[in-house]
Amino acid sequence: GQSLEQPSEVTAVEGAIVQINCTYQTSGFYGLSWYQQHDGGAPTFLSYNALDGLEETGRFSSFLSRSDSYGYLLLQELQMKDSASYFCAVREWIRSARQLTFGSGTQLTVLP
Amino acid sequence: NAGVTQTPKFQVLKTGQSMTLQCAQDMNHEYMSWYRQDPGMGLRLIHYSVGAGITDQGEVPNGYNVSRSTTEDFPLRLLSAAPSQTSVYFCASSFLRQDSRGYTFGSGTRLTVV
């Protein structure tokens, strides 16, 4: 089986930096992904880490430590539009294909 | 380039009715999948397909059927709707061997079973 844990809620102020952590337990691990979902919207892909270390894409960075089964999403220079749910998801082999298994999501609220 | 298109966007069903949720993609993705999302929960995999003619079950397949006759289309059928199937349904697609590009999701179908 597999499980992912991430905080249910995080609050930060505009312009700040926030880190959303994700720990996972799984077999057949290939990588860790992050998705953003605004209320009522579709999830959108943010990042994917297959190897240990930090990946940077603009204001967003994602980190993975495979030995610790841990990753995080770092959001810098927070903007009001960053208020959304953020999901970590493990890429793992299930049945006949590599699949994405999602965590329960972290609701980020950015305050002015 | 439309991406992933889901129809309908909203649907209300009576218990016991059947219906088909449509999903189409125009990106030539081999992999397509259906997820359901319930309040306060992540997305749970219902069924998936790695190519035309190939489908398999995900985490929560009971009460749903799928087929994949073409690369583009992956409909989800509810056989006999139950209130427990009230949820938001998302279709997603991707290339099989390009993990770094992630999944592309449709805009979702909000289903209520009364």
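The notes below deal with the structure included here. (Residues numbered from 1 in each chain as written. Chains lettered and ligands numbered in written order. Predicted model: local features only at pLDDT ≥ 70, side-chain atom pairs only at ≥ 80, totals over all residues. Heavy atoms only, no water.)

### Topic: the overall build of chain B
What chain B contains, in helices and strands, is zero helices and 11 strands. In sequence order, the secondary structure elements of chain B are arranged as β-β-β-β-β-β-β-β-β-β-β. A compact globule built from 114 residues should have a C-alpha radius of gyration of about 13 Å, and chain B, at 13 Å, falls within 12% of that. Judged by the C-alpha coordinates and their principal axes, chain B covers about 40 × 30 × 25 Å. Within chain B, the proportion of its 114 residues that are buried is 50%. In chain B, 54% of the contacts between residues at least 6 apart in sequence involve partners at least 24 apart. On chain B, roughly 5100 Å² of surface is accessible, and the fraction owed to carbon and sulfur atoms is 51%. (Helix = DSSP H or I, 4+ residues; strand = E, 2+ residues; numbered from the N terminus. Rg over C-alpha atoms; globule rule 2.2 N^0.38 Å. Buried < 20%, exposed > 50% of the residue type's maximum accessible area, 1.4 Å probe, protein only. Contact = heavy atoms within 4.5 Å. Areas by Shrake-Rupley, 256 points an atom, 1.4 Å probe, with all protein chains shown as cover.)

### A look at the interface of chain B and chain A
Across the contact, 24 residues belong to chain B and 20 residues belong to chain A. Where chain B touches chain A, the interface holds two salt bridges. The shortest N-O distance in the salt bridge between aspartate 99 of chain B and arginine 91 of chain A comes to 2.9 Å. Scanning the region where chain B abuts chain A turns up 11 residue pairs in polar contact (both at pLDDT 80 or more). Listed by contribution, the elements that provide at least two residues to the side of chain B that touches chain A are strand 4 (31-37), strand 5 (43-51) and strand 6 (54-57) of chain B. Considering every element that reaches the side of chain B that touches chain A, the biggest residue donor is strand 5 of chain B, with four residues. Considered class by class, the residues forming the side of chain B that touches chain A number 11 nonpolar, eight polar and five charged. (Salt bridge = Lys/Arg side-chain N within 4 Å of Asp/Glu carboxyl O. Polar contact = N/O pair within 3.5 Å; in protein donor to acceptor, adjacent residues only side chain to side chain. Nonpolar A, V, L, I, M, F, W, Y, C, P; charged D, E, K, R; others polar.)

### Some remarks on the pairing of strand 4 (residues 29-37) of chain A
All names here are of chain A. Judged by how many residues are buried, strand 4 sits mostly within the fold: seven of nine residues are covered. Strand direction decides the pairing type here: strand 4 and strand 9 (residues 84-94), joined by eight bridges, are antiparallel. Its bridge partner lying in strand 9, glutamine 36 is registered against tyrosine 86. Note: strand 4 against strand 5 (residues 44-49), five bridges, orientation antiparallel. Bridged to leucine 32 within strand 5 is asparagine 49. Between strand 4 and the antiparallel strand that follows it, strand 5, lie six residues; glycine 40 among them carries a positive phi value of about 80°. (Pairing = 2+ DSSP bridges.)

### Quick notes on the sheet that holds strand 6 (residues 53-57) of chain A
Residue and element names in this part refer to chain A. An order of 1-3-8-7-6 is seen for the five strands of this open sheet, with the pairing classed as antiparallel. Every other strand in the sheet has two partners, leaving strand 1 (3-5) and strand 6 as the edge strands with one partner each. On average, each strand axis in the sheet is inclined to that of its neighbour by 20°, with strand direction left out of account. Across six bridges, strand 3 (residues 18-25) lies against strand 8 (residues 70-75) in antiparallel orientation. Directly across from valine 18, in strand 8, lies its bridge partner leucine 75. (Axes fitted to C-alpha atoms, helices over the stretch in contact; angles between N-to-C directions.)

### What to know about the environment of threonine 57 of chain A
Residue and element names in this part refer to chain A. Take threonine 57: it is sitting in strand 6. The exposure class assigned to threonine 57 is exposed, which follows from its relative accessible area of 52%. Counting along the chain gives 10 residues from threonine 57 to serine 47, while the straight-line C-alpha distance between them is 7.9 Å.

By themselves these figures say nothing about function.
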